[in-house]
Number of protein chains: 2
Amino acid sequence: MAGTNTRDPDFKPFYAYDEWAVVETAWDEATNLHDETIFSLGNGYLGMRGNFEEGWRGEAGRSTRGTYINGFYETEPIRYPEDAYGYARIGQTMLNVADARGIELHVDGERVDLFSCKLLDYKRTLDFRKGVLTRAMRLELANGYQVDVRIERLVSLARKHAAAIRYAVTTVNFHGLVGLVSTIDGAVRNQVSKGDPRIGSALTEPALETIDRTAVGTLAFLQQRTKRSRFTVMCAAEHRLESEEPAAIQAGTTADGAAIRFTFAAHKGVPSTLVKTIAYHTSKEEPSELDEPKLRLETEHTAQKAKADGFEALLREQEAFLAAFWRRAELSIEGDPSLQQGLRFNAFQLLQSVGRDGETNIGAKGLTGEGYEGHYFWDTETYILPFFLYTSPDIAKQLLTYRYSILDKARARARTMSHKGALFAWRTIGGEETSAYFPAGTAQYHINADIAYALKKYMAATEDESFLIEKGAELLFETARLWADLGDYIPHKGFCINGVTGPDEYTALVNNNAFTNLMAKDHLEFAAATARRLRESDREAYRSLASRIALDDAEVDAWQRAAERMYVPYDAERGITLQDDAFLDRAEWDFDHAPSDKYPLLLHYHPLVIYRHQVLKQADVVLASFLQSHRFTLAQKRRDFDFYERLTTHDSSLSPCIYSIIASEIGRIDKACDYFLRTARMDLDDRNGNTKDGLHTAAMAGAWLSLASGFGGMREREGTLRFAPRIPPKWTAYAFVVSFRGKLLRVRVTAEDATYTLLEGSELTVEHEGRPLGLKPGAPEVVSLRPRLEAIVFDLDGVLVDTASFHYECWKAVADEQGVPIDPSVNERLKGVDRRTSLDIVLERASRTYSEEEKASLAERKNRLYVERIEKLTPAALLPGVEAFLRDVKSRGLKTAIASASRNARRVVERLGLTAYFDAIVEAGAVAKGKPDPEIFMTAAEALGVPYRNCVGVEDAEAGVAAIKAAGMFAVGVGLEERMREADWVLSGTDALDLEALTDRFLGRVPTAVARE
Amino acid sequence: MAGTNTRDPDFKPFYAYDEWAVVETAWDEATNLHDETIFSLGNGYLGMRGNFEEGWRGEAGRSTRGTYINGFYETEPIRYPEDAYGYARIGQTMLNVADARGIELHVDGERVDLFSCKLLDYKRTLDFRKGVLTRAMRLELANGYQVDVRIERLVSLARKHAAAIRYAVTTVNFHGLVGLVSTIDGAVRNQVSKGDPRIGSALTEPALETIDRTAVGTLAFLQQRTKRSRFTVMCAAEHRLESEEPAAIQAGTTADGAAIRFTFAAHKGVPSTLVKTIAYHTSKEEPSELDEPKLRLETEHTAQKAKADGFEALLREQEAFLAAFWRRAELSIEGDPSLQQGLRFNAFQLLQSVGRDGETNIGAKGLTGEGYEGHYFWDTETYILPFFLYTSPDIAKQLLTYRYSILDKARARARTMSHKGALFAWRTIGGEETSAYFPAGTAQYHINADIAYALKKYMAATEDESFLIEKGAELLFETARLWADLGDYIPHKGFCINGVTGPDEYTALVNNNAFTNLMAKDHLEFAAATARRLRESDREAYRSLASRIALDDAEVDAWQRAAERMYVPYDAERGITLQDDAFLDRAEWDFDHAPSDKYPLLLHYHPLVIYRHQVLKQADVVLASFLQSHRFTLAQKRRDFDFYERLTTHDSSLSPCIYSIIASEIGRIDKACDYFLRTARMDLDDRNGNTKDGLHTAAMAGAWLSLASGFGGMREREGTLRFAPRIPPKWTAYAFVVSFRGKLLRVRVTAEDATYTLLEGSELTVEHEGRPLGLKPGAPEVVSLRPRLEAIVFDLDGVLVDTASFHYECWKAVADEQGVPIDPSVNERLKGVDRRTSLDIVLERASRTYSEEEKASLAERKNRLYVERIEKLTPAALLPGVEAFLRDVKSRGLKTAIASASRNARRVVERLGLTAYFDAIVEAGAVAKGKPDPEIFMTAAEALGVPYRNCVGVEDAEAGVAAIKAAGMFAVGVGLEERMREADWVLSGTDALDLEALTDRFLGRVPTAVARE
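Residues numbered from 1 in each chain as written. Chains lettered and ligands numbered in written order. Predicted model: local features only at pLDDT ≥ 70, side-chain atom pairs only at ≥ 80, totals over all residues. Heavy atoms only, no water.

Asker: I'd like to hear about the sheet that holds strand β10 (residues 146-155) of chain A, residue by residue, with values.
Answerer: Sheets are built from strands that pair by backbone hydrogen bonding, the pairs being arranged parallel or antiparallel. Residues and elements named next belong to chain A. Across the sheet, 9 strands lie side by side as β1-β8-β9-β10-β11-β18-β15-β14-β13; this open sheet has antiparallel pairing. Edge positions in the sheet fall to β1 (21-24) and β13 (208-216), since each of these pairs with one other strand and no more. On average, each strand axis in the sheet is inclined to that of its neighbour by 10 degrees, with strand direction left out of account. With 6 bridges connecting them, strand β14 (residues 219-226) and strand β15 (residues 232-242) associate as antiparallel partners. Looking across to β15, one finds that Ala220 is bridged to Ala237. Its contacts with the sheet place helix α2 (residues 292-309) against β11 (162-171), β13, β14, β15 and β18 (272-283), and it is angled at close to 30 degrees to β15. Running over the sheet, helix α4 (residues 337-353) touches β1 and β8 (118-127) and is turned about 75 degrees from β8. (Pairing = 2+ DSSP bridges. Helix = DSSP H or I, 4+ residues; strand = E, 2+ residues; numbered from the N terminus. Axes fitted to C-alpha atoms, helices over the stretch in contact; angles between N-to-C directions. Contact = heavy atoms within 4.5 Å.)

Encoded structure:
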């Protein structure tokens, strides 16, 4: 890991671990901003930070009071010090709206709170199943009076516009006069930006003006309007006091607020309870068109209805809602309660922040803080939507519906950018582009493909054809159009997408970002396939849509062609997918001399300095290798992971979860755990140090993906869910539940086995490690995860036949012709090495240099000699014991393959008469990288359809043994012990090959150390 | 030309042509903003737009009143909508200061000006030799009264702080009471930016506050201070009235100004004259440290001294100053008075705008307007300083002194950017970076090398060793340091400079901008060489400097190494220098479908769209091929010019002059003229449509370069001035004068000859077309420019010997071996074609495809056969007449060369026994591009040291004849007439070669058309 973006080792957790809650038992002013975020409540429409009802009288700057309404924003012209054509013109900021939570407590006229009293007892609990934030305190006044306060707060998941507080106060050791002042405070404003581009808004003045405020009886009411966007928000609060003695009630208003004061005599030890029910309603109509009385009635009605139904009813609704949610979002990690708590907290908070009305979405910080101004990003489709898709598919649909609702604005943006089709805003609330730094904003065209990706996944998981026809197809086609227009056919390369920025924002404005191009390829393929399918399956609907958006068949064909010819930069020498065309042209970031206090880099280096180097903020190619999993071989994923991991700072919270997923897939289980730890409790433990500005919603969803798609190995491909589970050594078991095509599936994994249980639905076929499992209700399928010897992959030269000596003979002939000295000492160095590299070794002693042309000609000459030599091979050349061993292997039903660096392997096997013994032959030409890269062995295993861990590889060369081990296989080395240190079992010769003995060692029945003697 | 950035054909000039003036004889309100810029006055310190003394009462927005003081600016924090580390923090804006020009005229109490009266006569003259702006008007009032007004204005070139106005008024046909109200008006402010990034400032409020204003007797005084930068400016005006009748004088003040009113009776026909002398002084000290009384005394003294000396004395000083200037800046274009006027206007205005005090520089718009906020750019060193270097070297020194004065700020900027050394601000006044869009600002690191380039040129032209030791070396080393730190050694490439923007702002944030890398290479070489030289030549001074800036020998060696290994991107296939690594990876801009109203592109397309395409705002590689002339062969310049010209919009005013220079050099004289026309009168004719915002100072200087370095072919290399003059067909003659090493040289060019006259100095050696000319006073050297047959360059195969048949024989042998059909019809296609391309032609009929390795092997085989065949050659194989012709040619003293596409030419010539006949042999391996590219012929001529136009080329192939013509040589074709259409003379066979006949045709004595029969 390159970054130092990790907590110090003696980090103390903020909260006690609890299965279904976050519990705080001591209050610390220093961590208050963080706590406020953690204890946020919301229902996807309305969000409230965990501020105290009694207000803040501590150190200034240690509290951010926040009440937010999803999609409710103020606009502000963006002013550029150097302007240019096409820049985003209008900023949007999710507003901090009137605070209706206020309840001040007075005892005998003195204000009682944490700041004025001694705190004798304190407990705050956010319960994931009740959906309630509870705070219980015992406070002692200067005069020794003690008061118990217990406050329950909820934002109703069942009632979009409603919230409620139950405030119970008990005078512990005295009788006295208690006052409760309940307020709606409209004198609120957003945080102002102060340099860190991630925090604060462009709004420099309060955005809301008060239109009306009234207080009558127990009803308080406030109406405000945004100055520029002309949106209206109304807030009402109703109250019911239960006290032994009757209370005096005073209603009053201030310039921007309203208050109801309850004063009553309290008897020692007898609780009095105030229930405050709160309602928010908004309207985006122009003031002249707004039916104000109606909206006001609605607002008051929401508060009054909640009051009438009572707090207990609200609690029951809340619990029922969450029970339904958790049934589908069930998850557990046995053996690590803190991680389990982290994942459940994440799921609960995601639910609280996600817009469910099809008109709103989920901000980068949800409804929990003002970071990123409440904007919606690609985070939704890439991280968050998949979580909901597999737990609450209806919410996924609403998120896609939101995108459709702003499609016209995406079309307009494309026009401004001189493009065809639709281009979604990089950051927005209302749909317009609001990113004021285009190299890391508008240039991230990939958002178009991310949205299409989400639609594709949605369609596979739901088969919701009516959504596709009504909205999805139009969205898909208009966004696909953009790629076809944006890209260009560049000579010698193919279809290129230039001048974009990929997910990694530490590199900007590049040509052919691999992530973007792969996602666009997928997008174009899906769009073309969908168009062709609909053209047949729903002729009428397709014709109507095509005519509305002027789509003809030629354009669909052009999508397909662009997808086919999509260029993806690749470095053949290193065998890595290049993040962009020029990635290797940059210098490496000097991690060794980078002080640890310089992270995140973006706060310490000019963008030019960062952009110029090989350094990543976050997963980019590695993310592509997850989202476009099927386009990468496992060997490729592994090389890409290893290459980019050491360059990645994880300065973005979106990164560790993805690295965890791929680390799981490529068998780096320790790394997978490390990254999972960094993402699963990112906010609970404040790992990035900025939870105070709001939760990291994408990372929270990413943590779920790290579990399901990482450890669980879950991938959806062509409508089938596939799993390849593994489990961290520390865990006893883990489980998660997945919704798919109306069915509900539980996957539970232990070190021994994986259990697939169909909880809902009549049948479902999934794949486990490439093999189909038909599931029926009440019949869980249990699959062993223990290793099992299923296949043997053989090297050829030196293992089955000694053609190594032929190679030497032929090279010697060539060397002699050229007058280059050669002797058998080079023979060993030629083993497992490709032809061109072999030639360079042979020519090391040449007295002159050879041109490339000459070298090509010599290599060709050697090959001709070698091919001639092979033709003279007979089965007599087989190494001792080989044929018997092969016969034995086949008779036991094991699969077999050849993995040879030679390009003539197939012919050799033919000449040896062994063709029938092998299910697959992989020659050098079929892979990008030779041994010691594991690719050739992995390719062989994939060809056989056997998991790597169930394969044995047999090799006679050091590089070959290294390749086998890198592939995660059991390695048998034939040859000298000292050259086979990495091998699990070393044999002096092929005659020692014995399947029984091998099986024992493979299953660990005989320790391999013994075999080494 | 790609851009449509040209005037419409029926453009009418604004002003009458005049040799030494701009003369306006009719006033047009519609062009007033443009006129105000053109009629600007200045002295490098103080600048005044050509506003009317009487103020503006025409249409609002049709006048920009402007008085500017070089280096006097207000600061303003730059606010970014999305901020990041290291961004420029403080803007600077050259201030519009108090206007002291005001003189209102009243007749019998009525205000008299162009707006209230009928204009009977009008003439405005800006005289380049007098340095005076004169306006003469006859105005008729509504009552028929006529008044003559004659106003002369000057900003004293001899007195930094002084300006003066002589205002003469004559009542033509009446006696009356005349009032003259002379004002200083401090209620001024700068223009505010409105979208176009090139215009207006960030200042949203008036920047100056009035500290004091007084009016006593005939003296008016105003003191103001900037609100943020805390600079003080004082302005005083003194007056002397000469009138027949005594005048009443009233002095008074307003909130921000002061006024003196003169009222007197005027007799019909008798002129009265008011002389107003104006002074501006400024101070950058903090108010608390400022010696206010002293500054005020100085200011008043300047005005009073000028009054005492009298207007005539000021006029005389002005004329003397300009006479000295013009002696050194003399230039003429006989045959095109409008261009001559343009160039003289440019020189005069440059002088008026350039800071000469070592503390100021010259803004992009000089002191004539508010475009680009008065900032200094690379324009100075790249365009403007060279003009002054060769006309007023002292001014060049002051410009470099300015850079030294801000070196500490450049060091600080480098620190902010995490770099070593010094990084000069892309745009600044006070030295701090003020560019608010880094991709086209700070990313233009090349400014460091541009400054070093200017220093290098300055040293070569002045040998000013003391400047080098005191300031230059430190400047040079600190800026060189930056490159060594910025660049990186990238595998397979060399020393790379990534993530920069070159001069062409339509491409940003690229790797290895060729211009930047070539300039940095030159910079590093010069810095290393200077360090090593000083280490020997001035040990003590060097040691002191090195210790002060902690420079050791290893660092100097590292500069040299970086220079040597500097990577410059190049496309071998096309043979062009690449503007940057990825230039060819971009799609071409669709010029064919780009509407003409979309220029300049920057006002109509988002930067992402522009950056993504092959489209240039301005010269980039082409500029490098001028500044780093010696690093490009002529053939290379030609290919680069042709490639980039069609992609260049010239949306930047810095572009046409450079294209003109290179067009001249590569012999595209028509294009050179077109571009020259666009640059020489850019502002007089308002070609870019924005002269209203100020003059284009860099383009004005560039026009001079187009004359001297373009048509005159002037280059300085290793301390010698070199010329290669040519003249546009329309011109009779042109001349310019150059200062060099204390000498003064005039170059005069006609179609017949070039005359070099040493005006000052005892001797000077220059080069004319590569040959030294020793010049002495009073002995002009006249060199004929008529063509003269000096050399003959021969193709080999088919011209001297028929090895073409050998090639065919050998290819046939190879084809036969492969079983590929071949017949002599392919023979003709193989002529002049390289080996690899020939192979592809031979294999066209093959029944299978060949791998690259196989092809390499076949090409190798053919070559072996061919080399064997050559070894059997004897002189008997010579074609008929060849040896006799060669003998004749050598006996006449002509030079000879071989230019052959073969790689075995030298051996063939040896075998033929002709070695002694040839001065040079150029084989295919020595050039980047084969025929029909002219490179091989140009390289041969360069090897012979003969100008192309004095060479003859002899060829038997069509591609070869094309190459000869492209090189600008006379072409002799041997072969069939129909294949030689481009040749100047066609012979049926070599036996017809005849030197006498060739010479006649070459000199045009026998028309070539006759020879074609």
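After presenting the structure, the write-up continues.
Asker: Quick rundown of the relation of the copies chain B and chain A? Include the residues and the values.
Answerer: In this structure, two copies of a chain are linked by a rotation about an axis accompanied by a shift along it. Between chain B and chain A, which share one sequence, the superposing operator has a rotation angle of 180 degrees and an axial displacement of 0.0 Å; the RMSD is 0.1 Å. In short, the pair behaves as if placed about a two-fold rotation axis. Taking C-alpha positions as the reference, the residue of chain B nearest the rotation axis is Ser857(B), at 2.5 Å. A shared interface surface links the copies, since 98% of the contact residues of chain B are contact residues in chain A too. (Least-squares fit on C-alpha atoms with pLDDT ≥ 70 in both.)

Asker: Break down helix α27 (residues 995-1002) of chain B for me, with residues and values.
Answerer: One turn of the α-helix equals 3.6 residues, which is why residues spaced by three or four share an orientation. Residues and elements named next belong to chain B. For α27, the buried fraction is high: 6 of the 8 residues fall into the buried class. Of all the positions in α27, only Leu995, Ala997, Leu998, Thr999, Arg1001 and Phe1002 are classed as buried. Once α27 finishes, Gly1004 follows within two positions and takes phi at roughly 80 degrees, a positive value. (Buried < 20%, exposed > 50% of the residue type's maximum accessible area, 1.4 Å probe, protein only.)

Asker: Describe unusual backbone geometry, listing the residues and the values that go with them.
Answerer: Here Tyr599(A) and Pro600(A) are connected by a cis peptide whose omega angle stands at -10 degrees. Here Pro600(A) is to be found in the loop between β24 (587-588) and α13 (607-611). One non-glycine residue, Asn512(B), adopts positive backbone phi at about 55 degrees. Under the relative-accessibility criterion, Asn512(B) is labelled buried at 0%.

Asker: Before we move on, could you go through the interface of chain B and chain A and cite the residues and values that matter?
Answerer: With 57 residues of chain B at the interface, the matching set in chain A holds 57 residues. Approximately 4600 Å² of surface area, both sides summed, lies buried where chain B meets chain A, with 58% of it carried by carbon and sulfur atoms. Of all residues in chain B, Glu82(B), His606(B) and Arg612(B) give up the largest surface area on contact with chain A, accounting jointly for 15% of the area buried on that side. Inspection of the region where chain B meets chain A yields 15 residue pairs in polar contact (both at pLDDT 80 or more). Breaking the side of chain B that touches chain A down by element, the ones donating at least two residues are β20 (488-490), α13 (607-611) and α22 (852-870) of chain B. No other element matches the 5 residues that α22(B) contributes to the side of chain B that touches chain A. For the side of chain B that touches chain A, a count of residues per class yields 28 nonpolar, 14 polar and 15 charged. (Buried area = accessible area lost by both parts, 1.4 Å probe. Polar contact = N/O pair within 3.5 Å; in protein donor to acceptor, adjacent residues only side chain to side chain. Nonpolar A, V, L, I, M, F, W, Y, C, P; charged D, E, K, R; others polar.)

Asker: Explain the sheet that holds strand β17 (residues 257-266) of chain A to me, using residue names and the numbers behind them.
Answerer: Residues and elements named next belong to chain A. Strands sit in the order β7-β6-β12-β17-β16 across an open sheet of 5 strands; the sheet is antiparallel. Edge positions in the sheet fall to β7 (110-112) and β16 (248-254), since each has one partner strand and no second. The mean inter-strand angle of the sheet, taken between neighbouring strand axes irrespective of direction, is 25 degrees. In the sheet, strand β6 (residues 103-107) pairs with strand β12 (residues 176-185) via 5 bridges, with the strands oriented antiparallel.

Asker: Please give an account of the packing of helix α6 (residues 393-405) of chain B against helix α9 (residues 465-486) of chain B that cites residues and values.
Answerer: Residue and element names in this part refer to chain B. Across the interface, α6 lies against α9 with an axial gap of 10 Å and an inter-helix angle of 55 degrees. Put simply, α6 runs oblique to α9. Two packed elements cross with a definite hand, and for α6 against α9 that hand is left-handed. Facing α6, whose interface residues are Lys397, Leu400, Thr401, Arg403 and Tyr404, α9 presents Phe467, Glu470, Lys471, Glu474 and Leu475. In terms of residue class, the contact of α6 with α9 is made up of 4 nonpolar, 1 polar and 5 charged. (Parallel < 35°, antiparallel > 145°, perpendicular 65-115°, else oblique. Left-handed = near helix turned anticlockwise from the far one by under 90°.)

Asker: Give a detailed account of the pattern of salt bridges, specifying residues and quantitative values.
Answerer: Opposite charge on two side chains permits pairing when their charged atoms draw close. All told, the structure shown has 172 salt bridges over all chains when counted by the stated rule. Of the charged contacts, one joins Glu769(A) and Arg949(A) as a salt bridge, the two residues approaching to 2.7 Å between their closest N and O atoms. Of the two residues, Glu769(A) is situated in the loop between β31 (764-768) and β32 (771-775) and Arg949(A) in the loop between α25 (935-944) and β37 (951-955); the sequence distance between them amounts to 180 residues. On the basis of relative accessible area, Glu769(A) is assigned to the buried category, the value being 19%. Relative accessible area serves as the criterion here: at 29%, Arg949(A) is assigned to the partly exposed category. For Lys409(B), the salt bridge is made with Glu432(B), and the minimal N-O distance between the two is 3.3 Å. Of this pair, Lys409(B) sits in helix α7 (residues 407-416) while Glu432(B) sits in the loop between α7 and α8 (446-462), and the two are 23 residues apart along the sequence. (Salt bridge = Lys/Arg side-chain N within 4 Å of Asp/Glu carboxyl O.)

Asker: An account of the environment of Ala924(A) is needed here, citing residue identities and associated values.
Answerer: Summarising the element assignment, Ala924(A) is placed in the loop between β36 (920-922) and α25. In this view, Ala924(A) contacts Ser900(A), Ala901(A), Ser902(A), Arg903(A) and Ile936(A); residues no more than four positions away in its chain are not counted.

Asker: Help me get a handle on the pairing of strand β27 (residues 720-723) of chain A, residues and values and all.
Answerer: Residue and element names in this part refer to chain A. Burial along β27 is one-sided: Leu721 and Phe723 are buried, while Thr720 and Arg722, pointing the other way, are not. Alignment of strand β26 (residues 715-717) against β27, held across 3 bridges, turns out to be antiparallel. Bridge pairing in β27 places Arg715 opposite Arg722. In this sheet, β31 lies alongside β27 in parallel orientation, the contact comprising 2 bridges. Among the inter-strand pairings, Phe723 is bridged to a residue of β31, identified as His768.

Asker: I'd like a description of the packing of helix α16 (residues 656-665) of chain B against helix α17 (residues 669-680) of chain B, backed by residues and values.
Answerer: Two quantities define a packed helix pair, namely the angle between the helix axes and the distance between the axes. Residue and element names in this part refer to chain B. Here α16 crosses α17 at 160 degrees, and the two axes come no closer than 8 Å. The angle between the axes of α16 and α17 places the two elements in the roughly antiparallel class. Handedness of the α16/α17 crossing: left-handed. Counting all contacts with α16, which are made through Pro656, Cys657, Tyr659, Ser660, Ala663 and Ser664, the residues of α17 involved are Ile669, Lys671, Ala672, Tyr675, Phe676, Arg678 and Thr679.

Asker: Please give an account of the pairing of strand β29 (residues 743-750) of chain B that cites residues and values.
Answerer: Residue and element names in this part refer to chain B. As defined by bridge partners, strand β28 (residues 733-740) adjoins β29 across 8 bridges and the pair is classed as antiparallel. Paired with Ala735 across the strands is Arg748, a residue of β29. Taking the residues between adjacent antiparallel strands as the criterion, β28 and β29 are bridged by 2 residues, where Arg741 takes a positive phi near 50 degrees. Pairing analysis gives 6 bridges linking β29 to strand β30 (residues 753-760), with the strands arranged antiparallel. Bridge assignment links Arg746 to a residue of β30, and that residue is Thr757. Counting the residues between successive antiparallel strands, the hairpin from β29 to β30 contains 2 residues.

Asker: Provide a residue-level description of the packing of aromatic side chains, including the pertinent values.
Answerer: Tallying each qualifying case throughout the model produces 92 aromatic pairs over all chains. Ring geometry for Phe643(B) versus Tyr644(B): centroids 4.8 Å apart, planes at 90 degrees, classification edge-to-face. Classification of Phe643(B) by relative accessible area gives buried; the value is 9%. Ring centres of Phe970(B) and Phe1002(B) lie 5.7 Å apart, and the angle between their planes is 65 degrees; on these two criteria the pair is classed as edge-to-face. Remark: Phe1002(B) occurs in helix α27 and Phe970(B) occurs in strand β38 (residues 970-974); sequence separation between them is 32 residues. For the pair Phe970(B) and Phe1002(B), a shared accessibility class is recorded, and that class is buried. Each residue in the set Phe387(A), Phe388(A), Phe676(A), Trp704(A), Phe711(A), Phe723(A), Trp731(A), Tyr734(A), Phe736(A) and Tyr756(A) is aromatic and connected to the rest through ring pairs, giving one cluster. (Phe/Tyr/Trp six-rings, centres within 6.5 Å; stacked < 30°, edge-to-face > 60°.)

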